[in-house]
Amino acid sequence: MAAEQVLRVPAQLSCMDEVLAFVSAILDAHGCTPQARTQLRMAMEELYVNIANYAYPAGDGWAEIRGVVEDGVAIFTLIDGGMPFDPLAKPDPDVLLSGEERGIGGLGIYMVKSMVDAVEYVYRDGCNRLTLRKKL
Amino acid sequence: MLLTKEKNGNELTVHLSGELNTLTAPELSALLDSALKDVQRLTLDFAACDYVSSAGLRVLLATFKQMKAAKGTMCLSHVGENFMDVLQNTGLDAVFEIQ
């Protein structure tokens with residue numbers, strides 16, 4: 001069984017490239033298709049940026065990213081110790097609206113849901129935990 | 001991200017190279033803010049950019065609205081497979097003109 005890899009960073013936008021490089025390295029070691037790689041990187045970008053921007057309104061914090069590929073399924077977990085927040089609880093945007101009727105935001109979490117097979121949120125031991133699964 | 005401008009009368013083409021993500025979307029936004037005056041036709045060329053996250057979509061939607069308000073048009077060209085997936089998933093393939 002593959003060993004889970006762990007990266008812990010300050011929850012800051014400036015660490016986004018490091019987080020995405022960590023994600024890519026795990027996927028590249030398993031011969032992932034370019035499409036699945038891009039989709040997982042994008043999903044992780046959306047979720048990590050949420051943590052960096054909103055998890056710690058009072059100041060500095062951390063984020064931990066855990067990743068593994070098991071039986072051809074990539075599993076990534078993002079953990080933070082910020083305020084409890086379930087990004088999946090928000091209703092999906094109406095993607096059938098015209099350009100004029102649309103707001104310009106709110107698509108990030110919706111994109112995450114459409115790009116992976118499963119995404120799950122739990123708040124446990126004072127931490128937010130989001131887990132993504134995608135078959136490679 | 002590398003952005004290259006090409007101006008021809010009131011037509012502007014911007015070639016994007018790299019990933020349009022949370023960190024680079026402000027670069028595109030800043031370039032367009034300063035370059036859109038008097039532009040009637042904006043083309044964004046994605047031949048060398050096939051990664052567009054929601055931060056990039058926000059800039060595209062804001063720019064689309066701005067062009068529309070100025071009675072101009074915006075189109076996306078050379079859209080790759082991954083970017084097209086994103087556009088289809090978000091319904092934006094029906095909003096933007098795609099060449």
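All values derive from a computational prediction rather than experimental measurement.

Peer 1: I would appreciate a short explanation of the overall build of chain B in the present structure.
Peer 2: Each helix and strand counted, chain B has three helices and five strands in total. Along chain B, helices (α) and strands (β) appear in the sequence β-β-α-β-α-β-α-β when read from the amino end. The C-alpha radius of gyration computed for chain B amounts to 12 Å, which stays within 12% of the reference 13 Å derived for 99 residues, consistent with globular compactness. When its C-alpha atoms are laid out on the principal axes, chain B stretches across 30 × 25 × 20 Å. Sequence separation of 24 or more characterises 65% of the internal contacts of chain B that already satisfy a separation of 6 or more. Roughly 4,400 Å² of accessible area belongs to chain B as shown, and the carbon and sulfur atoms make up 48% of that amount.

Peer 1: Explanation requested: the pairing of strand 1 (residues 2–8) of chain B in the structure shown.
Peer 2: Every other side chain in a regular strand lies on the same face of the sheet, so the side chains alternate between the two faces. Residues and elements named next belong to chain B. Bridging between strand 1 and strand 2 (residues 11–17) involves seven bridges; their strand directions are antiparallel. The residue of strand 2 that forms the bridge with Leu-3 is Leu-16. The antiparallel hairpin formed by strand 1 and strand 2 contains two residues in its connecting segment, where Gly-9 sits at a positive phi of about 65°.

Peer 1: It is not clear to me how the environment of Lys-7 of chain B should be interpreted in this structure. Could you clarify?
Peer 2: Its place among the elements puts Lys-7 of chain B in strand 1. For the pair Lys-7 of chain B and Leu-42 of chain B, spaced 35 residues apart in sequence, the C-alpha separation works out to 9.5 Å.

Peer 1: Help me understand the layout of surface pockets, please; the structure alone is not making it clear to me.
Peer 2: What the largest pocket holds in volume is close to 370 Å³. What lines the largest pocket is a set of 16 residues, among which Asn-50, Tyr-54, Lys-90 and Gly-108 of chain A together with Arg-58 of chain B lie closest to the centre. In terms of residue count, the dominant contributor to the lining of the largest pocket is helix 2 (residues 34–55) of chain A (five residues). Tallied by class, residues from the lining of the largest pocket come to seven nonpolar, six polar and three charged. Reported here for the second largest pocket is a volume of approximately 160 Å³.

Peer 1: Is there a simple way to explain empty space enclosed by the protein in this structure?
Peer 2: One way to see where empty space is left: roll a probe the size of a water molecule over the atoms. Residues and elements named next belong to chain A. Evaluation of the coordinates by the stated rule reveals one cavity of 30 Å³ or more. As a volume, the largest cavity reaches approximately 30 Å³. The wall of the largest cavity is formed by Lys-90, Pro-91, Asp-92, Pro-93, Gly-106, Ile-109, Tyr-110 and Lys-113. Looking at the lining of the largest cavity, its residues break down into four nonpolar, one polar and three charged.

Peer 1: Got a minute to help me understand the environment of Ala-36 of chain A in this structure?
Peer 2: Residues and elements named next belong to chain A. Counting through the fold element by element, Ala-36 comes out in helix 2. Separated by 38 residues in the primary sequence, Ala-36 and Ala-74 place their C-alpha atoms 9.7 Å from one another. What Ala-36 contacts, discounting residues up to four positions off in sequence, is Lys-134 and Leu-136.

Peer 1: I tried to follow the packing of aromatic side chains on my own but got confused; where do I start?
Peer 2: Two aromatic rings, taken as a pair, are described by how far apart their centres are and by the angle between their planes. Tallied over the entire structure, the rule returns two aromatic pairs over all chains. Relative to Phe-83 of chain B, the ring of Phe-46 of chain B has its centre 4.5 Å away and its plane inclined at 45°; by these criteria the two rings are tilted. Here Phe-46 of chain B is found in strand 3 (residues 41–48), whereas its partner Phe-83 of chain B is found in helix 3 (residues 81–89), with 37 residues between them in sequence. Residue classification places Phe-46 of chain B among the buried residues on the basis of a relative accessible area of 2%. What makes Phe-83 of chain B buried here is its relative accessible area of 0%. Their ring planes at 65° and their centres at 5.6 Å tell us that Phe-64 of chain B and Phe-96 of chain B sit as a pair that is edge-to-face. You can see Phe-64 of chain B sitting in helix 2 (residues 54–69) and its partner Phe-96 of chain B sitting in the loop between helix 3 and strand 5 (97–98), a full 32 residues away along the chain. In this structure, Phe-64 of chain B and Phe-96 of chain B share a single accessibility class: buried. The ring centre of Trp-62 of chain A lies 4.0 Å from the NZ or CZ of Arg-8 of chain A, which sits over that ring.

Peer 1: For this particular structure, what's the right way to read the side chain of Arg-41 of chain A?
Peer 2: As for its position among the elements, Arg-41 of chain A is in helix 2. One polar contact links Arg-41 of chain A to Ser-24 of chain A, side chain to side chain, over a distance of 2.6 Å. Polar contacts involving the side chain of Arg-41 of chain A include one to the side chain of Glu-19 of chain B, which spans 3.0 Å. Aside from chain neighbours lying at most four places away, what touches Arg-41 of chain A is Leu-20, Ala-21, Val-23 and Ser-24 of chain A together with Glu-19 and Tyr-51 of chain B.

So, how was this worked out
Residues numbered from 1 in each chain as written. Chains lettered and ligands numbered in written order. Predicted model: local features only at pLDDT ≥ 70, side-chain atom pairs only at ≥ 80, totals over all residues. Heavy atoms only, no water. Helix = DSSP H or I, 4+ residues; strand = E, 2+ residues; numbered from the N terminus. Rg over C-alpha atoms; globule rule 2.2 N^0.38 Å. Contact = heavy atoms within 4.5 Å. Areas by Shrake-Rupley, 256 points an atom, 1.4 Å probe, with all protein chains shown as cover. Pairing = 2+ DSSP bridges. 1 Å grid on protein atoms, 1.4 Å probe; cavity = no way out; pocket = protein on both sides within 12 Å on 5 of 7 lines; lining within 4 Å. Points joined across faces, edges and corners; volume = space filled by probe spheres on them. Nonpolar A, V, L, I, M, F, W, Y, C, P; charged D, E, K, R; others polar. Phe/Tyr/Trp six-rings, centres within 6.5 Å; stacked < 30°, edge-to-face > 60°. Buried < 20%, exposed > 50% of the residue type's maximum accessible area, 1.4 Å probe, protein only. Lys NZ or Arg CZ within 6 Å of the ring centre and 35° of its normal. Polar contact = N/O pair within 3.5 Å; in protein donor to acceptor, adjacent residues only side chain to side chain.

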